[in-house]
Every structure is written in C-alpha cells, then in structure tokens.
Amino acid sequence: MSKLGSLGARLHRGEVGYDFVGNRKIWYGISILITITAVLGLAVRGLNMGIEFQGGAVFTTPKHMTASVAKAEGYAQSASGHDAVVQKLGDGSLRIQIAGIDTDKSDAIKDKLAKDLNVNTENINADLVGPSWGDQIANKAWQGLAIFMVLVVIYLAIAFEWRMAVAALVALIHDITITTGIYALVGFEVTPGTVIGLLTILGYSLYDTVVVFDSLKEQTKDITKQTRWTFSDVANRSINSTLMRSINTTVVALLPVAGLLFIGGGFLGAGMLNDISLSLFVGLAAGAYSSIFIATPLVADLKEREPQMKALRKRVLAKRAQAAAEGGPLEAETAGERYDDEPEDAAHAVVGPRNQPASRNRGRGRPSGKRR
C-alpha cells in the first residue's frame, strides 16, 4: 500500500488525525478575511457583466484577418465609445464584443469597423442583444440560484437536521462570495457559462459536505449513552475519516478544469473557456475548503449549545479528569478502550470509526476492571 493510501486508512480508523474542530476559530478567521477581500473586490471593481446580461452587439469579421487583437480593440473602442472584448477565432476571424451600446447604433459601428479593418461591410456579421433580454437572463439566473438554495436547505433539514442545513447554506454562500469576488478582482467576464459553472461547483461543494454529514449522523447515533466522546470529538473524527476521499475527489476534479483554464485559456488563447473554467476552478477549491473547515465545525458549534450536549461534555470532561487523577491513560491515548462504569450496551453507540476494537473481546461475565 502506498504511503498516501496508508495515511488514508489510518485517518479512517482514527489512529491519526488533525483537530479541525478544535482549531475552528483559525479557519473561521481565514474565511472571514478571504470573504472580506472578495466583498471589497465586488464593491470596488464590480463584476464585468457579459453582453448577455447588459445587452450590446457582437461583430464577427471574415476569416484570415491580418489585423491584430490589440488593433481591433482600438478600432472597436473608437467606433463605439465603449470598451470592447476581441478574440481571435481558430479560422483567423475576429469576434468583437461591445457591451452596453444601443442596438440602433450597431449599423454605424459596423460601417466604421469595416472601414478601419479594410473589409467589406457586408462581410461583417452582427448579432444584437437587447438590454431587456439581458435583464431577463440575469433575473432567471438569480431565480435559479435562489431555488437551488431553498431546495438544498429543505433537503438537508429533512435528511439530517436544521443545524446541518444552516451550516451547509453558510458554506455555499461562502463559496459563491469567494468565486464572484475572484471574478471581480481578475476582471473576467461574467457570462451564462459563469452561471453554469457556479451552479456546478455548488453541487460539488454540497456533495463533499453531505459525505461528512452522513458520517457524522451515523457516528453520533445514541451519542448521549456514552461518556467517552463529546459531539465535537465525533465531528472531528468524521472529518478525518472522510478527509482523503474529499481530497482525492477534489484533485481529480481540479485537474481537467486546470487544463481548461491554464492550457486552453492561457496558452491557446481560448478566452471563451475562461468563463466557465475559472468559476469551476475557484469554486471547487473553495467548496472543498468549506466542507472541511467551515460546515462541520459550524455544526459542532451549534450542537454544543444544546443542553444535552452541554451535559454530555461535562460528563466526558469529568471522566477524563478522573482517569488522569487515577493515573490511568488519557482519552487521547485510549482510542479503543471503554471506561469501567460505562454500561455494557454503550458499546453499540456509534462514537468514532466503526473499525475500532471498542470492547468486542470483552466478556459479558467478566468483572469490570481498568486495563493497564
């Protein structure tokens, strides 16, 4: 078995692990800092909305144009008085996109472009997008996002509980804010492809979160019947037991997206790929981060406020203090042990990885005694 596979197995069994929940304030602080940066980017620079959202015109020149992209951008800005986005297509033609112009001015802009580029006006194709249609697309996008959020909250509240639904919603908002903030900071154009990318990464983020929540739900069944683990302890074990799975699925998903973004969009100049690939790349990374460092620690925070979980924590800490005073092994050193006064049926409470050697070999008729 490889070292990585061995580490994953040890994480799953609870032999090693990182205290994600115990260090949650660090991760909350990092997330708040990143989120503030993203919000400032949105407030200062704003989103570069594509032509589909604000209306405008797209002009396509004949094949094998000799004019450079930089020259074409200058011609388009001079003809329209607006910023233009120019892309060179595979057949040598130029795609000139000018947003925010009145459609009735498109003919004059087309004539001016044809003159500057030294081509026949009839050889330039013009596609017009009205601002009302762009507003419709934007409203539909927001409606789709809102419906997605509501359905997610309802599903998680039914399948798990409302605290997990709240934590998942916070994680999703965290991912959307960071992704849109990155778009504002780098100045990439927001197109329908961007919206598709956002909805896709929300699905990936939710998948990672639900995997951890499912493990947490299973392992916290009848948790109050034992005195070995607090809810935060079990939540931390759930994250560690699914950590390698989350990392592997995220890396596998990021590799082809990175190919689209850095190779397709960067080296090959396929700018249209950037619209969806950037949202996927940033969103997948943010989704993996939020499912591990935000969602589950937040659930632990909410659950630990319950009276029964407060009482459980008090009993667990008292038991650990008693074990330390008697010179016995501390909880951190007895991953497979059960305390003496714990009832026999507490062995069936799911608290920790299933493969631990809880008290499987302990006979029912034997007198209770602390193992040394």
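Calculation rules
- Starting from 1, residues in each chain are numbered consecutively following that chain's sequence as written.
- pLDDT decides what is reported in this predicted model: residues at 70 or higher carry local features, side-chain atom pairs at 80 or more are listed and counted, and totals for whole chains, interfaces and linings draw on all residues regardless.
- Just so you know, side-chain values use all the structure's heavy atoms and leave hydrogens and water out.
- Runs of H or I in DSSP of at least four residues are treated as helices and runs of E of at least two as strands, each being numbered from the N terminus.
- Burial classes: relative accessible area under 20% of the type maximum marks a residue as buried, over 50% as exposed, and values in between as partly exposed (1.4 Å probe, protein chains only).
- Contacts between residues were defined by any pair of non-hydrogen atoms, one from each residue, lying within 4.5 Å.
- For the purposes of this section, nonpolar cores are sets of buried Ala, Val, Leu, Ile, Met, Phe, Trp, Tyr and Cys residues that join through side-chain atoms within 4.5 Å.
- Centres within 6.5 Å make a pair out of two Phe, Tyr or Trp rings, where for Trp the six-membered ring is used; the pair is then stacked when the planes are under 30 degrees apart, edge-to-face when over 60, and tilted otherwise.

Asker: Where do I start with the environment of Met309 in this structure?
Answerer: Among the secondary structure elements, Met309 is positioned in helix H12 (residues 307-325). Here Met309 falls in the buried class, since its relative accessible area comes to 5%. Residues Met309 and Thr224 lie 85 residues apart in sequence; the distance between their C-alpha atoms is 7.6 Å. Look past the residues within four positions of Met309 in its chain and what remains in contact with it is Ile223, Thr224, Phe231, Lys303 and Glu304.

Asker: What exactly am I supposed to notice about the nonpolar core here?
Answerer: Buried together is how nonpolar side chains tend to be arranged in soluble globular proteins. Of all hydrophobic cores here, the largest spans 46 residues; its most connected members are Leu156, Leu202, Phe213, Leu216, Phe231 and Val299. Mapped onto this core, the elements with two or more residues apiece are helix H2 (24-44), helix H6 (131-159), helix H7 (162-186), helix H8 (192-219), helix H9 (231-241), helix H10 (243-267), helix H11 (272-303) and H12. For this core, the element with the most residues is H11, which contributes ten residues. Every residue in contact with Leu156, bar those within four places of it in the chain, is listed here: Glu161, Met164, Ala165, Ala168, Leu206 and Val210. Judged by nonpolar contacts, the second largest core, of 17 residues, contains Ala76, Val86, Ile98 and Ala114.

Asker: What exactly am I supposed to notice about the packing of aromatic side chains here?
Answerer: The description of an aromatic ring pair uses the distance of the two centres, along with the angle that the planes make with each other. Scanning the model with the defined rule gives four aromatic pairs in all. Here the aromatic residues Phe20, Trp27, Tyr289 and Phe293 are joined through ring pairs into a cluster of three or more.

Asker: What's the story with unusual backbone geometry in this structure? I'm lost.
Answerer: Excluding glycine, most residues fall at negative phi; most peptide bonds, likewise, are trans. A positive phi angle, close to 60 degrees, is found at Asn118, a residue other than glycine. One can find Asn118 in the loop between helix H5 (106-117) and strand E5 (125-129). Residue Asn118 is classed as exposed on the basis of its relative accessible area, which comes to 69%. At Asp222, a position not held by glycine, the phi torsion is positive, near 60 degrees. Residue placement: Asp222 occurs in the loop between H8 and H9. Given the relative accessible area of 34%, Asp222 is considered partly exposed.

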